[in-house]
Each structure stands twice: as C-alpha cells, then as structure tokens.
Amino acid sequence: MSRFLYENSVSYKGYLIIPFVFGKADNYEIYSYKLLSEIGHKSQFHKAENPAGIYGSGVSNIVDIAKEHIDQNSEFVPQSDNFKSRYIYKNNLIIIFQEGNKCFYDHYPPDLLNNIAAPKLFKSEYECLSWIKQGFDGRHVQQRAI
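Rules used in this analysis
Residues numbered from 1 in each chain as written. Predicted model: local features only at pLDDT ≥ 70, side-chain atom pairs only at ≥ 80, totals over all residues. Heavy atoms only, no water. Helix = DSSP H or I, 4+ residues; strand = E, 2+ residues; numbered from the N terminus. Contact = heavy atoms within 4.5 Å. Areas by Shrake-Rupley, 256 points an atom, 1.4 Å probe, with all protein chains shown as cover. Lys, Arg positive; Asp, Glu negative; His and termini not counted. Charge placed at Lys NZ, Arg CZ, Asp CG, Glu CD. Pairing = 2+ DSSP bridges. Axes fitted to C-alpha atoms, helices over the stretch in contact; angles between N-to-C directions. Salt bridge = Lys/Arg side-chain N within 4 Å of Asp/Glu carboxyl O. Phe/Tyr/Trp six-rings, centres within 6.5 Å; stacked < 30°, edge-to-face > 60°. Buried < 20%, exposed > 50% of the residue type's maximum accessible area, 1.4 Å probe, protein only. Disulfide = S-S within 2.5 Å.

Draft legend 1. Fine view of the overall build of the protein. The number of helices and strands found in the protein is two helices and six strands. Reading the protein from its N terminus to its C terminus gives the helix and strand order β-β-β-α-β-β-β-α. With the principal axes as the frame, the protein shows a C-alpha extent of 60 × 35 × 25 Å. Of all intrachain contacts in the protein linking residues separated by at least 6 positions in sequence, the fraction that spans at least 24 positions is 45%. Accessible surface for the protein amounts to roughly 8,900 Å². Of this, 48% is attributable to carbon and sulfur atoms. Side chains of the protein give 16 positive and 16 negative charges; the mean places of these two sets differ by 10 Å.

Take a look at the structure:
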C-alpha cells in the first residue's frame, strides 16, 4: 500500500475518509479508502478499510463511494465536526481537538492508522501545532534527571 493521501481526506458525517492508491492495473491507479470515526473504537467502521468493498478510479470517485456507504450505514449522528482542525505536515496527519480550555492531538504517520501522539495537553491550538512542528524538526530537547 502506498501512503495515505491525507491531503485529499474528507470529513463527512462524523467520519474522516482517507483515500489511498490500492494498486495499479494496466498503468491505471485503483483507489481505496480507510475511515476514522469521531466516536473511535465504538464504531465498527473506525480504522476500517473500504467497508463498502468497492474500489474507485480516482480520489473523488472513491470519496463518493465512501460517502454513499456512510449514508447507508452510519451508526450515529455527529454532534460536531471533530476532524475540522486537521493538518498535514511531512505527510503526517495531525488532528487537533479542543475540550474546554485544553487542546490535545492525534498523530497518524503516512502509512499507518495508529495514533502515535504524545499524551500532552496544551492551552491553545497554536501552542499544540508549534510543539508538534518542533518535534518533527528535531528541536525537542530531552531533559535528564541528575
């Protein structure tokens, strides 16, 4: 599998549709998708790969297929768009969440839907994004107890 095309991800009815190139046939790319659910593991579709079982000929085609599947099989009615604050940095997906006056994030690498975020809270989205960028750029300094 090639990397996830996070830059083409679409938030839709409580899910994040993440397309990727599944394979090639006669020099044509075949697209598939994975889903993230705003309710996480409570959803049977959280981290599911192509639950519709249909592949597409392009990004917009596979997103339409995923939307149709969600419309027909959605398990919940979303209260808000938990995926609205998402960023791509060095092909990694960063999703920022705000609860009250605290921010935290999920971090997914380019080729795996496993959250590798540090368990850290921030006062603002800007502070959170700055900390993440510093980590990617190798500027976090480890402190040692003496």
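Draft legend 2. Representation of the sheet that holds strand E2 (residues 15-25) within the structure. Pairing within the open sheet is antiparallel, and its three strands lie in the order E1-E2-E3. One side of each edge strand has no neighbouring strand; the edge strands of this open sheet are strand E1 (10-12) and strand E3 (28-37). The average angle at which neighbouring strand axes cross in this sheet is 35 degrees, direction not considered. When E2 meets E3, the two strands line up antiparallel, connected through ten bridges. Following the sheet pairing, Tyr15 is matched in E3 by Ser37.

Draft legend 3. Geometry of the pattern of salt bridges. Inspection of the entire model under this criterion finds four salt bridges. Because the salt bridges share partners, they merge into one network encompassing Lys90, Lys133 and Asp137.

Draft legend 4. Examining the packing of aromatic side chains more closely. Throughout the structure, instances matching the rule amount to ten aromatic pairs. Here Tyr105 and Phe122 contribute two aromatic rings whose centre-to-centre distance is 6.2 Å and whose plane-to-plane angle is 45 degrees, an arrangement assigned as tilted. Of this pair, Tyr105 sits in strand E6 (residues 102-108) while Phe122 sits in the loop between E6 and helix H2 (125-136); the two residues are 17 residues apart in sequence, bridging distant segments of the chain. Across the pair, Phe122 and Tyr105 agree in class, each one buried. According to the relative accessible area criterion, Tyr105 is buried, its value standing at 8%. Here the aromatic residues Phe4, Tyr6 and Phe20 are joined through ring pairs into a cluster of three or more.

Draft legend 5. How the structure looks around the side chain of Glu38. Considering the arrangement of structural elements, one finds Glu38 in the loop between E3 and helix H1 (59-73). Although Glu38 is buried, it makes no salt bridge; Lys84 carries the closest opposite charge, 10 Å away. Glu38 has contacts with Gly14, Phe76, Pro78, Gln79, Ser80, Asn82 and Phe83, leaving out every residue within four places of it along the chain.

Draft legend 6. Broad picture of unusual backbone geometry. Even without being glycine, Asn27 reaches a positive phi, approximately 65 degrees. Here Asn91, not a glycine, exhibits a phi torsion of approximately 65 degrees, which is positive. Structurally, Asn91 can be placed in the loop between strand E4 (86-89) and strand E5 (92-99). Residue class for Asn91 comes out partly exposed when judged on its relative accessible area of 34%.

Draft legend 7. Seen up close, the state of the cysteines. Considering all chains together, one arrives at zero disulfides under this definition. Take Cys103: it sits in no disulfide, and the sulfur closest to it among the cysteines is that of Cys128, at 6.2 Å.

None of the figures reported here should be taken as evidence of function without further support.
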